[in-house]
Amino acid sequence: MELYNFMLYSWVAAILTGFICSFIGVIIVTLGLSFIGVCMSHAAFAGALLGIILHINPLVCSFIFCFVIAGILGPVSDKSEIKTDTSLGIMFSSSLGLAFLFLPMIPGSKSEGLKFLWGNILTISGSDLLLLGIVCVITLGFVIAFFKEIQILIFNRTLALASGIPAKIIYYLVLFLAGATITASIKAVGGLLVFALMINPAAAAYQLTYDMKKMFLFSSIFGILSGCAGLFVAFWLDIPAGAPIALSSLVIFTISTIFSPKRNVYAKPQTRILQ
Amino acid sequence: MKSVIIENLSFIRANRPILENISLSVKPGESVAFYGSNGAGKTTLLTLINGLLFCKKGRIIIGDTILSQKTIQQIRTAIGYVPQNFDVDYRMPILSKTVVLSGCYGKIGLFHHPDRCILERAYNLMEKLEIAHISDRPFGQISGGERQKIMIARALMQDPEILLLDEPFSSVSETSKEKIIEIIKTWHKEKGITIFLVSHEKTAIEQLCNRIFYMDEGKITSQEMIYGTL
């Protein structure tokens, strides 16, 4: 029975993590914020380490760290004269600095802390799945409720604002949800590889369509496929699941790029000259 | 329809004065143009009227509302805005019809979707502007002139009381320009909207506007009435 639970939890975690990361990944990739995955995952890692040091639930601390990063990132890019990727770079280096500061402060073995960097889908508990499920429902609900606003945000933030859409609030909510997704997924795939699951399926879907609804659908399918294929390989070869999950998503991206219909339909040289 | 009053407006960016002591008054339903050399501050002035930027000195009164960060949301949906032609990533996954429809998203509000009537209005507008055939093409994949027409359709979908046009004819052909002018004229006649036009094309200004403000180095240097246009 225990073996059955452990197997079931792992598969459910692979499906949920694959779905949620790739789903929010569509917005992140189309907004040109791909680097946010690296930045947030390292913030989540630093938060988890602080949690271990202070004997607080590491996931709670990860959430707080990600939310702080999201809370700083939006206003900093809006109000200062620097581009979003520059502010992401600053946040990333600060998070990494904090992680390196906290890691030696963990008493005894560092493996408790490092598991948040590599992740282990086989150690997922019922409460971790519950957290993933809640984040999935909130993110899905958010995208369904604000789909039309999200599209225009991706098109142009200034024009979204000019049309009377609360573009700033929706943009900040996207950042918060990205943080929540990374924190909920960090235990399953780790702080380093969650980035791959966020970007690769969305980038693969980007190769196949210009329709946002289809992009969300394809990306979710690719994410779930990556999670399941990676877990299958992990069981088969008896290795940690994070790496095969990330590599599966890379294989899907490569196939999508090779067979991308965009190469034949829109990306003809004469069309590009017009740009 | 709404009047626009600007009182002693100055705007500084990076320690450089962009606009200096601008004062003007535009009546509801009036159509005015800002004309001047590059860097005269015309686009900045439109952006300030649109509430995408805020000034520290002077004020803008739209209708009976003084424009500020607190009040802008109340009147934003009343202002339609056609920006200057801007660069877009050709891979962007947003269809042209989505951009046109987005004009009315602020008015229909969150959690609501465009109904059949709105969809028909969008299609008719695109037909009039001869862009219906590109409605399913990604915005990044269409030509500069087509983008300009999409942006005009988007602004008109907003059903604005004030229409801000920033170089709307810069990429369109002569025939298209005539068509756009005709559509805006009809819109102005039927709905009595207030129009602000920034353009370097004197002929277009003369066809569309009844007053020109000449601008140079952030100041209004003079103004001229045009009779017998709209």
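Everything discussed here concerns the structure shown above.
Structure report, in brief. Because the structure is predicted, anything quoted here is derived from the model rather than measured.

1. So, the nonpolar core
Here is step 1 of the chain: Ranked by size, the top nonpolar core spans 160 residues in total, and within it Cys66 of chain A together with Ala153 and Leu164 of chain B carry the most contacts.
Here is step 2 of the chain: A total of 24 residues in this core trace back to one element, the largest contributor, which is helix α9 (residues 167–206) of chain A.
Here is step 3 of the chain: The contact partners of Cys66 of chain A, leaving out residues within four places of it in the chain, are Met40, Ala43, Ala44, Gly47, Gly179, Ala180, Ile182 and Thr183 of chain A.

2. Description of the interface of chain A and chain B
Here is step 1 of the chain: Of the residues lining the interface, 26 residues belong to chain A; the matching set on chain B comes to 26 residues.
Here is step 2 of the chain: Elements with a minimum of two residues in the side of chain A that touches chain B: α7 (147–155), α8 (157–162), α10 (212–237) and α13 (269–274) of chain A.
Here is step 3 of the chain: The element contributing the most residues to the side of chain A that touches chain B is α7 of chain A, with 6 residues.
Here is step 4 of the chain: Residue composition of the side of chain A that touches chain B, by class: 14 nonpolar, 8 polar and 4 charged.

3. Remarks on the sheet that holds strand β6 (residues 79–82) of chain B
Residue and element names in this part refer to chain B.
Here is step 1 of the chain: With respect to topology, 6 strands assemble into an open sheet ordered β6-β7-β8-β3-β9-β10, the strand pairing being mixed. Here the strands that pair on one side only, and so sit at the sheet edges, are β6 and β10 (219–225). Along the sheet, successive strands turn relative to each other by an average axial angle of 15°, direction set aside.
Here is step 2 of the chain: Relative to strand β9 (residues 211–216), strand β3 (residues 31–36) is paired through 5 bridges, and the arrangement is parallel. Note that in β9 the partner of Gly36 across the bridge is Met215.
Here is step 3 of the chain: Helix α6 (residues 144–157) rests against β6 and β7 (162–166) of the sheet, and its axis sits at about 175° to β6.

Definitions and limits used
Residues numbered from 1 in each chain as written. Chains lettered and ligands numbered in written order. Predicted model: local features only at pLDDT ≥ 70, side-chain atom pairs only at ≥ 80, totals over all residues. Core = buried A, V, L, I, M, F, W, Y, C linked by C-beta atoms within 7 Å. Buried ≥ 20, exposed ≤ 12 C-beta atoms within 10 Å, placed from the backbone. Helix = DSSP H or I, 4+ residues; strand = E, 2+ residues; numbered from the N terminus. Contact = placed C-beta atoms within 7 Å. Nonpolar A, V, L, I, M, F, W, Y, C, P; charged D, E, K, R; others polar. Pairing = 2+ DSSP bridges. Axes fitted to C-alpha atoms, helices over the stretch in contact; angles between N-to-C directions.

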